[in-house]
Amino acid sequence: MSTNWRELFPTKLTFVIFLLYMSLFIGQGIFVTASQESNNSYGYNTVTVVLLTEVFKLIVSTCLYCRDHNLRSLVRDVHKDRNVLALYMVPAFLYCLYNNLAFVNLATFDPTTYYLLLQLRVVVTGILFQIIFKKYLSQRQWISLILLTLGCMMKQIDFGSFYSDTNDDSESAAIQQQQSLNRTASNAQIHGKNMSGFDFSLSAVFILAQTICSCLAGVYNEYLLKDKGADVNIFVQNVFMYLDSIVCNAAILLLRGELLDAFSPQNLSSIMRFSVLIIIVNNAAIGIVTSFFLKYMNSILKTFASALELLFTAVLCYFLFSIPIYMNTALAIAVVSYAIYLYTQSPVVNLGKVRPLANLSDAGARSTDKRKLLDEEAAESDLDMV
């Protein structure tokens with residue numbers, strides 16, 4: 001068996017997008033964790049940070065669009081495709097919940113456990129992918145997805161309990177068993193973080209909700225990028241997403257009664273710190289890179305990119321936060337890595353109506369070629385009438 005790199009990454013630029021996506025997501029968990037107080041809380045309004053991130057994404061996408069166009073053209077395109085703008089409210093709302101839950105869950109779980117638990121979305125993504133795109137996964141692809149899920153479940157296994165001799169009634173065995181229990185309890189809450197996975201509490205509900213939001217938003221966003229909005233400039237699509245996201249986050253602040261207070265000098269000063277600003281910049285880059293990822297690759301490969309982040313996150317957290325790597329984590333990462341290798345033998349290819357991306361200048365140009373022809377024909381008909 002040989003790895004089908006050409007099917008995984010049609011062009012060199014798609015491979016660069018893949019690496020960039022992974023790097024930015026690894027940074028997300030680390031930056032958010034580094035910005036927490038000693039009691040794992042946040043000294044700033046997290047919803048305001050998410051809202052400012054969406055504003056920053058909107059500004060960047062507008063600037064990228066205006067490299068080859070002008071603001072008047074952007075307003076015209078937004079008005080012309082307002083039906084697509086309405087459709088983007090669905091993934092915008094789901095991503096809004098996902099981004100806000102990320103802060104909540106990273107306050108409960110260490111980054112490695114957080115990313116492992118999020119991999120439960122893999123099988124759900126596979127099912128949604130088949131339903132929406134009518135592209136059925138092969139047996140090998142499903143095996144790789146199931147292995148990926150099983151690898152994530154290994155995070156919850158306490159391998160230390162297998163070494164205890166439950167049939168030995170000696171005093172030394174009892175002491176050894178008690179020490180093992182104490183070590184397990186302390187390991188589960190190092191730095192006040194849950195490192196054992198699901199514990200059937202409210203934190204499990206939150207991580208499940210974030211997982212579902214990720215699955216639905218990713219697949220539906222890919223559907224808009226490749227089908228319903230395939231002829232729309234990708235930067236205009238990003239503008240649609242971020243406009244809707246700003247509305248959703250503002251609505252959350254309004255429901256919490258924090259809309260005005262969120263932008264008070266005191267709250268803004270708590271955000272204007274490097275440890276928080278880097279989160280805004282990094283998450284903004286994630287949003288823009290994700291749109292390219294879903295348009296020119298697919299949501300299945302996106303889940304494997306997220307799983308591959310585990311290895312690097314575990315190593316970096318060990319050095320940065322002194323979070324140890326235990327046997328269950330190491331085995332979970334090993335199984336996840338093999339699942340990724342297995343998937344590379346028979347990857348999913350789903351470009352829809354989109355052609356492979358060779359360079360970034362093509363991203364905006366290709367989606368507007370058809371529109372330019374229509375605009376030119378309309379202009380010529382107007383001249384004829386004059």
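For the structure, see preceding data.
Overview of the structure. (Residues numbered from 1 in each chain as written. Predicted model: local features only at pLDDT ≥ 70, side-chain atom pairs only at ≥ 80, totals over all residues. Heavy atoms only, no water.)

Turning our eyes to something else, we now look at the overall build of the protein chain. Along the backbone of the protein chain there are 17 helices and 0 strands. The 386 residues of the protein chain split such that 51% are buried. Pairs at least 24 residues apart make up 86% of the contacts formed inside the protein chain by residues separated by at least 6 positions. Accessible surface computed for the protein chain: about 18300 Å², of which carbon and sulfur atoms make up 65%. (Helix = DSSP H or I, 4+ residues; strand = E, 2+ residues; numbered from the N terminus. Buried < 20%, exposed > 50% of the residue type's maximum accessible area, 1.4 Å probe, protein only. Contact = heavy atoms within 4.5 Å. Areas by Shrake-Rupley, 256 points an atom, 1.4 Å probe, with all protein chains shown as cover.)

Before going further, it helps to spend a moment on the pattern of salt bridges. Using the criterion set out here, one finds 2 salt bridges in the structure. Between Lys-57 and Glu-54 there is a salt bridge, with its nearest N and O atoms 3.2 Å apart. Of this pair, Lys-57 and Glu-54 are both found in helix α3 (residues 46–65), 3 residues apart, which corresponds to roughly one turn of the helix. Accessibility classification places Lys-57 together with Glu-54 in one group, the buried group. (Salt bridge = Lys/Arg side-chain N within 4 Å of Asp/Glu carboxyl O.)

With that settled, the discussion passes to helix α7 (residues 111–118). The periodicity of an α-helix, 3.6 residues per turn, causes residues three or four places apart in sequence to face the same way. Among the 8 residues that make up α7, 8 are buried, leaving the element largely enclosed by the rest of the structure. Those residues of α7 not exposed but buried are Pro-111, Thr-112, Thr-113, Tyr-114, Tyr-115, Leu-116, Leu-117 and Leu-118.

Here the structure, examined in full by the defined rule, presents 7 aromatic pairs. In this structure an aromatic cluster arises from ring pairing among Tyr-42, Tyr-44 and Phe-103. (Phe/Tyr/Trp six-rings, centres within 6.5 Å; stacked < 30°, edge-to-face > 60°.)

Turning our attention to the nonpolar core. Within the largest apolar cluster, 68 residues are counted, with the highest numbers of intra-cluster contacts made by Tyr-44, Val-49, Phe-103, Tyr-114, Phe-240 and Phe-293. The leading source of residues in this core is helix α12 (residues 234–255), at 11 residues. Beyond its immediate sequence surroundings of up to four residues, Phe-103 is in contact with Val-32, Tyr-42, Tyr-44, Thr-46, Val-49, Val-50 and Ile-279. Core analysis: the next-biggest nonpolar cluster, separate from the first, contains 5 residues, Ile-26, Ile-30, Phe-321 and Ile-323 among them. (Core = buried A, V, L, I, M, F, W, Y, C linked by side-chain atoms within 4.5 Å.)

Note that all results are geometric; they support no functional claim without further evidence.
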